[in-house]
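Summary of structural features
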Amino acid sequence: MNEDEFRRLCDFIYRRTGMVFTEARRYYVERRVTERRSATNTASFAAYFARLRRDLDGEVEQFINAFTVNETYFFREEHQLRCLSGDLLARRIEARPAGRPLRIWSVPCSTGEEPYSIAIWLLENWPMVDAFEIEIVGSDIDTRVIEAARAGHFGRRALMRLSEPLIAKYFEPEGPESWRIIAELRNSIDFTTVNLVDAAGMRAHGVFDVIFCRNVLIYFDDASRRIAAENLYDNLMPGGFLCLGHSESMSRISPLFDVCRYADAIVYQRPREPRHG
Amino acid sequence: MPLIRPKAAGAPASSPDPRTAPDVAALKAALQHGTPDARRAAARALAGVPEAAGLLAAALAGEEDIRVREAIFTGLAGLGTGECADLLLALLRSPDAGLRGGALDALAAMPARLPARLPALLRDDDPDVRLLACGLARVLASDEATALMCAVLEREAEPNVCAAAVDVLAELGEPQALPVLARCAARPGAPAFLVFATGIAMRRIRAASDRAGEAGA
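Residues numbered from 1 in each chain as written. Chains lettered and ligands numbered in written order. Predicted model: local features only at pLDDT ≥ 70, side-chain atom pairs only at ≥ 80, totals over all residues. Heavy atoms only, no water.

A few words now on the side chain of A:Asp209. Note that A:Asp209 resides in strand β7 (residues 208–212). Sequence-distant contacts of A:Asp209, defined by excluding residues within four places in its chain, comprise A:Arg92, A:Arg100, A:Pro101, A:Leu102, A:Arg103, A:Leu236, A:Met237, A:Gly240 and A:Phe241. (Helix = DSSP H or I, 4+ residues; strand = E, 2+ residues; numbered from the N terminus. Contact = heavy atoms within 4.5 Å.)

Moving on, we come to helix α4 (residues 59–67) of chain A. Taken together, the buried positions of α4(A) are occupied by A:Glu59, A:Val60, A:Phe63, A:Ile64 and A:Phe67. Buried positions in α4(A), seen along its axis, are confined to an arc of 135° and lie on one side of it. (Buried < 20%, exposed > 50% of the residue type's maximum accessible area, 1.4 Å probe, protein only. Arc of directions from axis to C-beta.)

A few words now on the environment of A:Ile189. Residues and elements named next belong to chain A. Counting through the fold element by element, Ile189 comes out in strand β6 (residues 189–193). Residue classification places Ile189 among the buried positions, given a relative accessible area of 1%. Placed 81 residues apart in sequence, Ile189 and Pro108 show a C-alpha to C-alpha distance of 14 Å.

It is worth spelling out the packing of helix α1 (residues 24–33) of chain B against helix α2 (residues 36–46) of chain B at this point. The description of two helices packed together rests on the angle between their axes and the distance between the axes. Residue and element names in this part refer to chain B. At a closest axis distance of 8 Å, the pairing of α1 and α2 adopts a crossing angle of 140°. In terms of axis orientation, α1 runs oblique to α2. Here the hand of the crossing between α1 and α2 comes out left-handed. Contacts from Val24, Leu27, Ala30 and Leu31 of α1 reach α2 at Ala38, Arg39, Ala42, Ala43, Ala45 and Leu46. Its residues placed into classes, the contact of α1 with α2 shows nine nonpolar, no polar and one charged. (Axes fitted to C-alpha atoms, helices over the stretch in contact; angles between N-to-C directions. Parallel < 35°, antiparallel > 145°, perpendicular 65-115°, else oblique. Left-handed = near helix turned anticlockwise from the far one by under 90°. Nonpolar A, V, L, I, M, F, W, Y, C, P; charged D, E, K, R; others polar.)

Turning our attention to the pairing of strand β2 (residues 134–140) of chain A. For a regular strand, the rule is simple: side chains alternate between the two faces of the sheet. Among the seven residues of β2(A), seven are classified as buried, and the element is accordingly described as predominantly covered. Both faces of β2(A) are covered, namely the face carrying A:Ile134, A:Ile136, A:Gly138 and A:Asp140 and the face carrying A:Glu135, A:Val137 and A:Ser139. Note: strand β1 (residues 102–106) of chain A against β2(A), five bridges, orientation parallel. Along β2(A), the bridge assignment pairs A:Ile104 with A:Ile136. Regarding the hand of the β-α-β motif, the stretch spanning β1(A), helix α6 (residues 113–125) of chain A and β2(A) is right-handed. Bridge count for β2(A) against strand β1 (residues 3–4) of chain B is two bridges, and the pairing is parallel. Within β1(B), the position partnered with A:Ile134 by the bridge is B:Leu3. (Pairing = 2+ DSSP bridges. Right-handed = clockwise from strand over helix to strand, strands pointing away.)

Moving on to the interface of chain A and chain B. Facing the 60 residues of chain A at the interface are 50 residues of chain B. Carbon and sulfur atoms supply 52% of the area that chain A and chain B bury against each other, a total of about 4700 Å² over both sides. Across the chain A-chain B interface, the total number found is eight salt bridges. In this structure, A:Asp4 and B:Arg203 form a salt bridge, with 3.1 Å as the shortest nitrogen-oxygen distance. (Buried area = accessible area lost by both parts, 1.4 Å probe. Salt bridge = Lys/Arg side-chain N within 4 Å of Asp/Glu carboxyl O.)

Moving on to the sheet that holds strand β3 (residues 153–155) of chain A. All names here are of chain A. Within the open sheet, the three strands sit side by side as β3-β5-β4. Their pairing is antiparallel. Of all strands in the sheet, those bounded by a partner on one side alone are β3 and β4 (171–175). Put simply, the sheet's adjacent strands are angled 35° from each other on average, direction ignored. Summarising the sheet, β3 and strand β5 (residues 178–181) pair through three bridges and their orientation is antiparallel. Looking across to β5, one finds that Phe154 is bridged to Trp179.

This part is about the pairing of β5(A). All names here are of chain A. A one-sided burial pattern is seen for β5, the buried positions being Trp179 and Ile181 and the unburied ones Ser178 and Arg180. Bridge analysis of β4 against β5 gives four bridges, and the strand direction is antiparallel. Paired with Glu172 across the bridge in β5 is Arg180.

What follows deals with helix α7 (residues 143–151) of chain A. All names here are of chain A. Restricting attention to buried positions, one finds in α7 the residues Val145, Ile146 and Ala149. All buried residues of α7 project into a common sector of 105° when viewed along the axis, lining one side. Each element contacted by the buried residues of α7 is listed here: α6, β2 and β6. Taking the backbone nitrogen of Arg144 as reference, a side-chain oxygen 2.8 Å away marks Asp142 as the first, capping residue of α7. One or two steps after α7, the chain reaches Gly152, where phi turns positive at roughly 75°. (Polar contact = N/O pair within 3.5 Å; in protein donor to acceptor, adjacent residues only side chain to side chain.)

Structure, rendered in structure tokens:
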């Protein structure tokens, strides 16, 4: 891929997904393109780019999948969990009315690795954890993954980022390569079904201090992405935070949120006060 | 353990009962006279009512709260009707940059409505409208966009509109744009920025087509 092809591809990726790639990540982009050209048996970059632009056989989704590690495991994108315990919750407890629990939402939560990770991370890493009541909700559009999340069975691959002491503390072995998360954690997290573009269904979940909504909006078309952003805004308390996947940007989707740069992550905040245009 | 199971969570995700029609008159009153929160809630509720498109668009003119504006734009894009597209296109003539930008973003989210409307928009009397319309061509298939942008370059006298068309071609233009771009750059008195931009567009299109030729050889 030459420089001009690289720029064309980056322009397309940005407009379609909001993901930004600079020259520094050119090798990474080229690797993904090579993988997809091989998978689609496409002879040239030009032919592949044409395929991508026309979204033949759902190529845009396949291409995005190549960029986002489309699997879930415990402590994935750990830097955001550090940001949660290091910065976000401190801001939220400043603004929190007395007696109200801190509410955290993982949506979509797939088979539960993310909401359980949030729980384990806070229990292990947030010094204030015993001073507050914390509600964690995990939601997904897919009822099958919600059932799996409630059941809490996981294989070795899902636990690859966890230390042996953490596994021993929060999981019960079921076999040589399978574990079940302990009942106390399973019973602490509520799992529900929800569609991000269904305003009424989203509203039924109430408002949250922090929402993790990672690696899903990039799959939506522009209209659906805008509706999801409106819904997520309504599900945040004023001053609440939205965490997207590392390759996603809300700035491309909606002007409703403020960008907050912390040491470990860039997150999006619902402004405390309405703004004027 | 400090983790608690939410008391009210687990509420089934559900859409409003479709048999319960929204009270459009009350929502209209809220949209026009309510607090910012009430106006935004009304805008979001009316986004499910196709007949309310005109009402939503009319509310944009006097609306200063960016959240309410965004809800209206998202609502119109979500409804996605031809009427919504026409209402948004009218906003491209607004003196308010926020309204023009919001309308453009919303229109880009309804690509199915653009092919029928862009040719006329690209011939609009107002060069600002023609310039903004060029940007909308990006959501079309590359052959359609190439044909439209080439037609713009062949007839357009305003250098900034030409530059907008060249910018689109640099991104997704096909080889048939090359002679059109060459003629654009060779025009007597063509401004330096346009010649420069045209050169980049031609280089990018050539690079892509050369590679395709090599692969096919």
